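What the coordinates show
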Amino acid sequence: MSLIDIAREVRENAHAPYSNFKVGAAVRTASGAVYRGCNVENVAYPEGTCAEAGAIAAMVASGETEIAEIAVIADSPKPVSPCGGCRQKIAEFAKGDVKVTLATTDGAIQETTIATLLPGSFDADYMSRT
C-alpha cells in the first residue's frame, strides 16, 4: 500500500464535525515504519490537531525521530498543503530534501520537498551561540 493510500485510509477516521474537512497524513520513517494521523477538531477551534501533527506524535511516541517521506490528502480542489505550523513540525524531523506528497481524494498529486514548502526554516542552529 502506498503512503498516499495509507493517508487516504486514515483520513476516514478524522473528527471534523465543524469544518467537514477531513485530512489524512502518513509518515514513513528512516526505519521503514509508517505512522498515520488524521485531523481532530474541537469545538474550541484552536484546540484541534492537524493530521500531520498526529502522525508525527505517533512516530515520536514509538521512539522514532527521522521522517523519510510524508504524504497528506484531503477532499480539496487542489493538492492539500500542510499549514505553516505543520511545515515547521515536519522540518523538525525531516531533512530539506525529504519528499512530501500532497494529494486530493480525486487523484491529483503534487510532489515537493520540505525545503520548498518551508524555505528559511527555523532550526536548531538558531538556538546555539557561537
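Within any chain, residue numbers begin from 1 and follow the written order of that chain's sequence. Confidence filtering applies because this is a predicted model: local features only for residues at pLDDT of at least 70, side-chain atom pairs given and counted only at 80 or more, and all residues used for totals across whole chains, interfaces and linings. The side-chain values count all of the structure's non-hydrogen atoms but skip hydrogen atoms and water molecules.

1. Here's the deal with the sheet that holds strand E5 (residues 109–113)
Strand order in this open sheet of five strands is E2-E1-E3-E4-E5, and the pairing throughout is mixed. With one partner strand each, in any of the chains shown, strand E2 (34–38) and E5 form the two edges of the open sheet. The sheet shows a mean angle of 15 degrees between the axes of neighbouring strands, taken without regard to direction. Strand pairing is assigned whenever DSSP detects at least two bridges linking the two strands. Note on conventions: DSSP H or I runs of at least 4 residues are helices, E runs of at least 2 residues are strands, and numbering of each starts at the N terminus. The convention used is that axes are lines fitted to C-alpha atoms, helices contributing only their stretch in contact, and that angles between N-to-C directions extend from 0 to 180 degrees.

2. Digging into the nonpolar core
Put simply, buried Ala, Val, Leu, Ile, Met, Phe, Trp, Tyr and Cys residues joined by side-chain atoms within 4.5 Å make one nonpolar core. Only protein chains enter the accessibility calculation, which uses a 1.4 Å probe; a residue whose area is less than 20% of its type maximum is buried, one above 50% is exposed, and one in between is partly exposed. Counting 21 residues, the largest nonpolar core has Val27, Ile67, Ile70, Val72, Ile90 and Ile114 as its most contacted members. Counting only elements with at least two residues in this core, the list comes to strand E1 (23–29), helix H2 (51–61), strand E3 (67–74), strand E4 (99–104) and helix H4 (114–117). In this description, contact between two residues means that some pair of their heavy atoms is separated by no more than 4.5 Å. Ignoring sequence-local partners within four residues, the contact set of Ile70 consists of Leu3, Ala26, Val27, Glu52, Ile90, Lys99, Val100 and Thr101. In this structure, Ile6, Ala26, Ala71 and Ile73 belong to the second largest nonpolar core, which totals eight residues.

3. Focus on the packing of aromatic side chains
Note on aromatic pairs: the rings of Phe, Tyr and Trp (six-membered ring only in Trp) are paired at centre separations within 6.5 Å, and the planes decide the class, stacked below 30 degrees, edge-to-face beyond 60, tilted for the rest. One pass over the structure, following the stated rule, counts two aromatic pairs. Plain terms: the ring middles of Tyr18 and Tyr45 are 6.2 Å apart, the flat faces sit at 70 degrees to each other, and that makes the pair edge-to-face. Of this pair, Tyr18 sits in the loop between helix H1 (3–11) and E1 while Tyr45 sits in the loop between E2 and H2, and the two are 27 residues apart along the sequence. An angle of 5 degrees between the planes, with centres 5.0 Å apart, marks the rings of Phe122 and Tyr126 as stacked. What makes Phe122 partly exposed here is its relative accessible area of 46%. Given a relative accessible area of 54%, Tyr126 falls into the exposed group.

4. Description of a nonpolar patch on the surface
A surface patch of nonpolar side chains, amounting to about 340 Å² of accessible area, comprises Tyr18, Val43 and Tyr45. According to the relative accessible area criterion, Tyr45 is partly exposed, its value standing at 49%. To count toward a patch, a residue needs a relative accessible area over 30% and no salt bridge; like charges are then connected within 9 Å, while nonpolar side chains (Val, Leu, Ile, Met, Phe, Trp, Tyr) are connected within 5 Å. For the accessible areas, the method is Shrake-Rupley and the probe is 1.4 Å, while residue cover comes only from the protein chains on display. What counts as a salt bridge is simple: a side-chain nitrogen of Lys or Arg found within 4 Å of a carboxyl oxygen of Asp or Glu.

5. Comments concerning the packing of H2 against helix H3 (residues 84–93)
Where H2 contacts H3, the two axes come as close as 9 Å, and the packing angle between them is 25 degrees. The angle between H2 and H3 places the two elements in the roughly parallel class. Where H2 crosses over H3, the handedness of that crossing is left-handed. Contacts between H2 and H3 involve Glu52, Ala53, Ile56, Met59 and Val60 from the first element and Cys86, Lys89, Ile90 and Phe93 from the second. Throughout this entry, Asp, Glu, Lys and Arg are counted as charged residues, while Ala, Val, Leu, Ile, Met, Phe, Trp, Tyr, Cys and Pro are counted as nonpolar. The remaining residues, Gly among them, count as polar. Of the residues belonging to the contact of H2 with H3, the class tally is seven nonpolar, no polar and two charged. Roughly parallel here means an angle under 35 degrees, roughly antiparallel means over 145, roughly perpendicular means 65 to 115, and every remaining angle is called oblique. Two helices cross in a left-handed way if the nearer one is turned anticlockwise from the farther one by less than a right angle. They cross in a right-handed way if the turn is clockwise.

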